[in-house]
Amino acid sequence: MEIIAEICSINDWEKENMGTNKKKSKKTNLRDKESSLKKERMALEKRGKRKKLLISVVFAVAGIMIAAAVLWKISGAGTVPSQKSVFSIGGEEVFLDEVNLCILQNVMNIGITDNMLNTTSQDGSSMDDFYKDKILQVITDYKVEAKIAEQQGITLSEKDRDAIRVDAVEYMGTVDGRILKQLGITQERVIEIYTQRYLAHALEESVIKDLKVEEQKYCTMYMLLFPKVETDANGDYVREDDGETPVMLSEEDIKKKKEDCEKAYEELKDGADIEEIAVKYGVSNVSGEESNLAESFEKPFSEYAVKLKEGEYSPILETASCYGILKMITENNEEIAEQIMGYYKSDLEQETIDENKTKWYEEAGAGSGADFVGSTWENISLYDFVKYVEE
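Presented here is a report on the structure given in the accompanying data block. Quick caveat: nothing in here was measured; it's all calculated off a predicted structure.

Rules of the game
- Each chain has its residues counted from 1, running along the sequence as written.
- Thresholds applied to this predicted model are a pLDDT of at least 70 for local features of residues and 80 or more for the giving and counting of side-chain atom pairs; totals over whole chains, interfaces and linings are not thresholded and use all residues.
- Computation of side-chain values covers all heavy atoms of the structure but excludes hydrogens and water.
- Segments assigned H or I by DSSP are reported as helices when at least four residues long, segments assigned E as strands when at least two residues long, and all are numbered from the N terminus.
- A 1.4 Å probe rolled over the protein chains alone gives each residue an accessible area, and that area as a share of the maximum for its type sets the label: buried under 20%, exposed over 50%, partly exposed in between.
- Contacts are residue-level and defined by heavy atoms, with any inter-residue pair within 4.5 Å sufficient.
- Strands were regarded as paired on the criterion that DSSP finds at least two bridges between them.
- Every axis corresponds to a line fitted to the C-alpha atoms, with the helix fit spanning only the stretch in contact, and the corresponding angles, defined between N-to-C directions, vary from 0 to 180 degrees.
- A helix is expected to reach a length of 1.5 Å times the quantity of its residues less one.

Some remarks on the overall build of the protein chain
Turning to step 1, where the next piece is worked out: Helix and strand counts for the protein chain come out as 13 helices and seven strands.
Turning to step 2, where the next piece is worked out: Here the protein chain holds 391 residues, and 34% of them are scored as buried.
Turning to step 3, where the next piece is worked out: Sequence separation of at least 24 residues holds for 70% of the intrachain contacts in the protein chain that already meet a minimum separation of 6.

Points about the sheet that holds strand 3 (residues 218–227)
The strands that make up a sheet are held in pairs by hydrogen bonds between backbone atoms, and each pair lies either parallel or antiparallel.
Turning to step 1, where the next piece is worked out: Pairing is antiparallel across the open sheet formed by four strands, whose spatial order is 4-3-6-5. Among the strands making up the open sheet, the edge pair consists of strand 4 (288–293) and strand 5 (317–318).
Turning to step 2, where the next piece is worked out: As defined by bridge partners, strand 3 adjoins strand 6 (residues 322–330) across eight bridges and the pair is classed as antiparallel. When the bridges of strand 6 are listed, Tyr 222 appears paired with Lys 327.
Turning to step 3, where the next piece is worked out: Relative to the sheet, helix 8 (residues 251–269) contacts strand 3 and strand 6, its axis offset from that of strand 6 by approximately 30°.

Points about the environment of Ser 346
Turning to step 1, where the next piece is worked out: Tracing the backbone shows Ser 346 in helix 11 (residues 334–363).
Turning to step 2, where the next piece is worked out: Residue Ser 346 is classed as partly exposed on the basis of its relative accessible area of 41%.
Turning to step 3, where the next piece is worked out: Note: C-alpha distance between Ser 346 and Val 213 (133 residues apart in sequence) is 9.8 Å.

Concerning helix 4 (residues 127–151)
Turning to step 1, where the next piece is worked out: Here helix 4 spans 36 Å end to end across 25 residues, near enough to the 36 Å set by a 1.5 Å rise per residue.
Turning to step 2, where the next piece is worked out: At the C-terminal side of helix 4, Gly 153 shows a positive phi close to 80°.

A short note on unusual backbone geometry
Turning to step 1, where the next piece is worked out: At the junction of Lys 299 and Pro 300, the peptide bond is cis and its omega measures out at 5° in the coordinates.
Turning to step 2, where the next piece is worked out: Within the element layout of this structure, Pro 300 appears in the loop between strand 4 and helix 10 (301–307).

Next comes the structure, spelled out in structure tokens:
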């Protein structure tokens, strides 16, 4: 009985314990479920955040791609150079391949380097901008003049057209084909561009062909000078603080210079050598031979430069700054005269062309200059072409 009672007692205790364990188990299960649900919610939230982030990234990337595409289009990148308009002048479009050709030719012909571009021009602008402005002027001049030439009925001969083809072929052979391809420069376009250049030159020739330069006497004279002003060791005038006004000698010193000049003149008439006389009187640093157009010498020297014969002397001449005596060395130096007159004629021809350019630009409707398309010209830099020279 005691054993049975003890067994019953044990059973009761187990039942009681089991009930308690069941309650504990239920509570544990609830906590586990709540924890599991919480974890699931956190996981869902994380997935949601990742999804939102992914969507944001997608939209951001799409925005960047769109912006890049717009910039790509504006800059002309990815566009065939022969179809990309950079600017227009007088209604004539100038495409990127022509701009590339002109820049490449100038960079290679001048031999422009990074070091040259890293300096500053006289007007304070960068040398990159300086050269770009010069090249822009060359291109616009060609386009305007070619247009006016066609309007005036100027045509090229078959000989000219043959020369253009030869020039184009020769040029294509001087540049690496990979560079030409990269810049969109083809032989056909070079021929077209060269044809316009030939027309422009033909127009210029039409306005200078009848120009004549009057022949002038070009002579060489020895100028024996006795200055009234202070001079330095090199014979240059010493000047006041303003940098212009010469410092005059004293009246006594000027009088002495005049007396020396008169003595020198008498010695020259007796057969003395003019260069030795200059050394004797200490004026060799300011005296010497000078060549010029006879009429270009300062008055009153020009008066005698025109009429003196070789070996003849002028009388004593006086200017505000010196006393002087002239000796004609070479009355008419034909070789030098031809060179100088050639320079003079070249200057006159350029002046005539420049005067006509103003009229041509107006006739072509290009008085206001180039009308740029987008930012292609602005984004062009000669630094990008220098590498081709270095290669």
